[in-house]
Amino acid sequence: MKTLITNINLINFNKEEKCDIIINNDKIEKIGKNLKTEKYDKIIEGEGKIAFPGLFDIHCHLRDPGFEYKEDIESGSKSAAKGGFTSVLAMPNTSPVADNKTVIDYIYKKIKDKAVIRVYQSGAISKGLKGEELAEMGEMQKSGIIAVTDDGKPVSDPSLMKKALVYANMLGLPVISHAEDLSLVDGGCMNEGFMSTYLGLRGTNRAAEEAMTARDIIIAKNTNTPVHITHVSTRGAVEIIREFKKQGVKVTADTCPHYFSLTDKMCEGFNTNAKMNPPLREDDDLEAIIEGLKDGTIDMIGTDHAPHHIDEKNCEFDKALNGIIGFETAFPVAYHYLHKNKGMSLSEIIKLMSYTPHRFFNLEGGEIKEGAVCDLVIASVDNEYEYKKEDVVSKSKNSPYFGFKFEAKIENVFVDGIDVLEEI
């Protein structure tokens, strides 16, 4: 099948250009001007739209196996596609935990049968996410994992984290650190500050994130191994990462759209759809996250897509489960809050959400060029619309963004040259 996209603004990590694009089966055949010179099976008029490489979410929860009532690989991959993601990395805090070859094999079989995009699986650092004994990383790698993490929980034992960094480095597997000192969380259920005091809720001090961020980077520095700090949310964590990067330590980091668009003011009224971990912080932290994205301290944007059933959110704030869905709002939020409000170029955003994540895992993709596999997204821009619950593809509806107005809307998502949104 041959598809022509005309007069579209193509966004790559290093340039923007107005052009036509020819898709021939699963490949980008040609990029240029005035290419409407033959018959095509399909023509997409790109005027007023942008095209960019498929996004890569390096941090999401698909809840499969064990929690399929919240999300599964089929529904999660469709939700990701709706948000412009052609690749995602699922976290291992499933039931049973993705900490062995058998579970990883099961997940990849289901991915092959049900996923509409490229889904990759991470393996647990420790058996059962208990933080006591290393999981069999080598065996899981043979079954297809591309990273290890205990996300959802920190690796509290520094000795075990050291062993994990050294062993994973031998295998060439990135270690993704959920930086949280549980002793400093001390039962907190939101950010410690004015809003927690106002609501009468126990707060979590920023030190819980910052102390563990520093600890894991220091271990990485002294073992000369790389470490990746995920879902960065505080100014202090940004400053710690920035300082160690200046020293040449092999540290990378990501943050999530909610940390550069929302603050703990969203928790007012005991809004459990604004409850997550790390918690939403304050205005100064939000500005620091944006500064970190602009100056390269933070390398990537992931969603931490964390679906929950309504009953797990429709309860007292301190009992509600942490997390929000994020696939379908990630690019619209980045477009509005980083591009429109803060002047970041679309190329910079695509670098954060596509090019760098692909390079991080040494995977093809992240760039639209002739001869490349066609993982391509088309979005309309600057036509304001309201984000509504009834438009959500995910099984779960736990989003704080309902009623928000956005300007970027995903319209076509090609995976291997097939527009997967046509069937969603």
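Throughout what follows, the structure given in this document is the object of discussion. Computed from a predicted model, the values in this text were never measured in an experiment. (Residues numbered from 1 in each chain as written. Predicted model: local features only at pLDDT ≥ 70, side-chain atom pairs only at ≥ 80, totals over all residues. Heavy atoms only, no water.)

Here's the deal with unusual backbone geometry
Omega for the peptide link from aspartate 64 to proline 65 comes to 15°, which places this bond in the cis form. Relative to the helices and strands, proline 65 is located in the loop between strand E6 (55-60) and helix H1 (73-82). Of note, the amide linkage connecting asparagine 277 to proline 278 takes the cis form, showing an omega dihedral of 0°. Mapped onto the fold, proline 278 is located in the loop between strand E14 (251-255) and helix H9 (283-295). Positive phi is not limited to glycine here, since asparagine 7 has a value of about 50°. Mapped onto the elements of the fold, asparagine 7 is located in strand E1 (residues 2-11). Here asparagine 224, not a glycine, exhibits a phi torsion of approximately 55°, which is positive. Residue placement: asparagine 224 occurs in the loop between helix H7 (207-223) and strand E13 (227-229). On the accessibility criterion, asparagine 224 (52% relative accessible area) is exposed. (Helix = DSSP H or I, 4+ residues; strand = E, 2+ residues; numbered from the N terminus. Buried < 20%, exposed > 50% of the residue type's maximum accessible area, 1.4 Å probe, protein only.)

Examining the pattern of salt bridges
What the rule picks out here adds up to 32 salt bridges. Glutamate 282 is the partner of arginine 206 in a salt bridge, and the nearest nitrogen-oxygen pair spans 2.6 Å. Linking arginine 206 in the loop between strand E12 (203-204) and H7 with glutamate 282 in the loop between E14 and H9, this pair joins segments that are 76 residues apart in sequence. Residue glutamate 282 is classed as partly exposed on the basis of its relative accessible area, which comes to 26%. In this structure, arginine 235 engages glutamate 239 in a salt bridge whose closest nitrogen and oxygen atoms are separated by 3.9 Å. Note that arginine 235 and glutamate 239 are positioned in helix H8 (residues 235-246) at a spacing of four residues, about one turn of the helix. Assessed through its relative accessible area of 40%, glutamate 239 is described here as partly exposed. Look at the salt bridges and you will find they share partners, linking Arg235, Glu239, Asp284 and Glu291 into a network. (Salt bridge = Lys/Arg side-chain N within 4 Å of Asp/Glu carboxyl O.)

Topic: the packing of aromatic side chains
Under the defined criterion, the tally for this structure stands at 14 aromatic pairs. Considering the side-chain rings of phenylalanine 13 and tyrosine 355, the 3.6 Å spacing of their centres and the 15° angle between planes classify their relative orientation as stacked. Of this pair, phenylalanine 13 sits in the loop between E1 and strand E2 (16-24) while tyrosine 355 sits in helix H12 (residues 346-360); the two residues are 342 residues apart in sequence, bridging distant segments of the chain. Seen from the ring of phenylalanine 67, lysine 70 lies directly overhead, with NZ or CZ sitting 5.4 Å from the centre. Lying across the ring of tyrosine 385, lysine 409 places its NZ or CZ 4.9 Å from the centre. (Phe/Tyr/Trp six-rings, centres within 6.5 Å; stacked < 30°, edge-to-face > 60°. Lys NZ or Arg CZ within 6 Å of the ring centre and 35° of its normal.)

Details of the sheet that holds strand E9 (residues 148-149)
Spatially, E9-E10-E13-E14-E15 is the arrangement adopted by the five strands of the open sheet, whose pairing is parallel. Each end of this open sheet is capped by a strand with a single partner; those strands are E9 and strand E15 (300-301). As judged from the two bridges shared by E14 and E15, these two strands associate in the parallel manner. From the neighbouring strand, threonine 255 faces E15, where its bridge partner is isoleucine 301. (Pairing = 2+ DSSP bridges.)

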